[in-house]
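Residues per chain are reported as follows:
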Amino acid sequence: KQEVTQIPAALSVPEGENLVLNCSFTDSAIYNLQWFRQDPGKGLTSLLLIQSSQREQTSGRLNASLDKSSGRSTLYIAASQPGDSATYLCAVDSSGSSNTGKLIFGQGTTLQVKP
Amino acid sequence: SQTIHQWPATLVQPVGSPLSLECTVEGTSNPNLYWYRQAAGRGLQLLFYSVGIGQISSEVPQNLSASRPQDRQFILSSKKLLLSDSGFYLCAWLPARGPTFGSGTRLTVV
């Protein structure tokens, strides 16, 4: 059974710092891995999606990497801003061979960036 | 454009009352649709998914049911709510770029 773990559960940093959020999964047979952002009381916003054949994806100040063999992904946020404060969720599509949309989520990392 | 709508945004219901949450998708046809729940301290969990009209798969045993009466409509229901049904319910669909989520419904059962 696939399990997804995110470390740390919470993180507080001063504005301008670069930071790394970690995600690990127990079964390497994934189709893709996705990072989401969730603001309090809101739905999920997709940040980056990495297919199982890819090593990383970048969007602006965000960079996500995937090491499928070791069951790990990291989300790197450069030059953090107060507006980055949110909960970041990692999720895997664990079907292995197709895009089922049936995601297994980690518990999330709640980030606070202090001005 | 492709959009997903979910309502209501918040709901407070007494124990034992019925529930109906609705999700609709615009700008696409025959989408895969999903219901997820985010309960306090438990993270997001897939409840149901549907690949077409009348086709529902349940991922976890529970007090809820789902229906898909139309191609772009997905409904989450309960005949009698339990306290444990409280949570944040999210509908999602599956475009090529990956799952896209609605804005969610916060359900509080009192």
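Residues numbered from 1 in each chain as written. Chains lettered and ligands numbered in written order. Predicted model: local features only at pLDDT ≥ 70, side-chain atom pairs only at ≥ 80, totals over all residues. Heavy atoms only, no water.

## Side note on the sheet that holds strand β1 (residues 4-7) of chain A
Residues and elements named next belong to chain A. What counts, and what does not: Any two strands with at least two DSSP bridges between them are considered paired. Under the DSSP-based scheme used, a helix requires at least four consecutive residues in state H or I and a strand at least two consecutive residues in state E, with every element numbered from the N terminus. Note on geometry: axes are C-alpha line fits, over the in-contact stretch for helices, and angles between N-to-C directions span 0 to 180 degrees.
Strand order in this open sheet of five strands is β1-β3-β8-β7-β6, and the pairing throughout is antiparallel. Sheet topology places β1 and β6 (56-59) at the edges, where each strand pairs with a single neighbour. Mean inter-strand twist for the sheet, computed between neighbouring axes without regard to direction, equals 15 degrees. The pairing of strand β3 (residues 19-25) with strand β8 (residues 72-77) spans six bridges and is antiparallel. By the bridge assignment for β8, V20 is matched with Y76.

## Comments concerning the sheet that holds strand β3 (residues 19-26) of chain B
Whether parallel or antiparallel, the strands of a sheet pair through hydrogen bonds between backbone atoms. Residue and element names in this part refer to chain B. Reading across the sheet, the four strands line up as β1-β3-β8-β7 and stay open at both edges, with antiparallel pairing between neighbours. Sheet topology places β1 (3-7) and β7 (65-70) at the edges, where each strand pairs with a single neighbour. On average, each strand axis in the sheet is inclined to that of its neighbour by 20 degrees, with strand direction left out of account. Bridge analysis of β3 against strand β8 (residues 73-78) gives six bridges, and the strand direction is antiparallel. When the bridges of β8 are listed, L21 appears paired with L76.

## Points about the state of the cysteines
Residues and elements named next belong to chain B. Rules: Pairs of cysteine sulfur atoms within 2.5 Å are identified as disulfides in what follows.
Under the counting rule described, the total for this entry stands at two disulfides over all chains. Between C23 and C91 runs a disulfide, and the two sulfur atoms are separated by 1.9 Å. Of note, the bridge from C23 to C91 carries an S-S torsion of about -70 degrees and is left-handed in sense. Of this pair, C23 sits in strand β3 while C91 is found in strand β9 (residues 87-93), placing the two residues 68 residues apart along the sequence.

## Here we look at unusual backbone geometry
Generally, phi is negative for residues other than glycine and the peptide bonds are trans, each holding for most cases. Threshold: Throughout this description, buried means an accessible area under 20% of the type-specific maximum (1.4 Å probe, protein chains only), exposed means over 50%, and partly exposed covers the range between.
Each neighbour pair has its own omega, and for A:I7 with A:P8 the value is -5 degrees, a cis peptide bond. Looking at the secondary structure, you find A:P8 in the loop between β1 and β2 (10-14). Cis geometry marks the peptide bond from B:W7 to B:P8, where omega comes out at 0 degrees. As for its placement among the helices and strands, B:P8 is situated in the loop between β1 and β2 (10-13). Of note, the phi angle at A:A79 is positive, near 45 degrees, even though the residue is not glycine. In this structure, A:A79 sits in the loop between β8 and β9 (86-93). Overall, the relative accessible area of 36% leaves A:A79 in the partly exposed class.

## A few points about the nonpolar core
Convention followed: Throughout, nonpolar core names a set of buried Ala, Val, Leu, Ile, Met, Phe, Trp, Tyr and Cys residues whose side chains join them through atoms within 4.5 Å. Only heavy atoms enter the contact rule, under which two residues are in contact if any of them lie within 4.5 Å.
With 22 residues, the main nonpolar core has A:F25, A:L33, A:W35, A:L75, A:I77, A:Y88 and A:L111 as its most contacted residues. Those elements that place two or more of their residues in this core are β3, β4 (32-38), β5 (44-51), β7 (62-67), β8, β9 and β11 (109-114) of chain A. Filtering out sequence-adjacent residues up to four positions away, A:L33 remains in contact with A:C23, A:F25, A:L48, A:L49, A:I50, A:L66, A:S73, A:C90, A:A91 and A:V92. Core analysis: the second largest hydrophobic core is formed by 21 residues, B:L11, B:L47, B:F74 and B:L81 among them.

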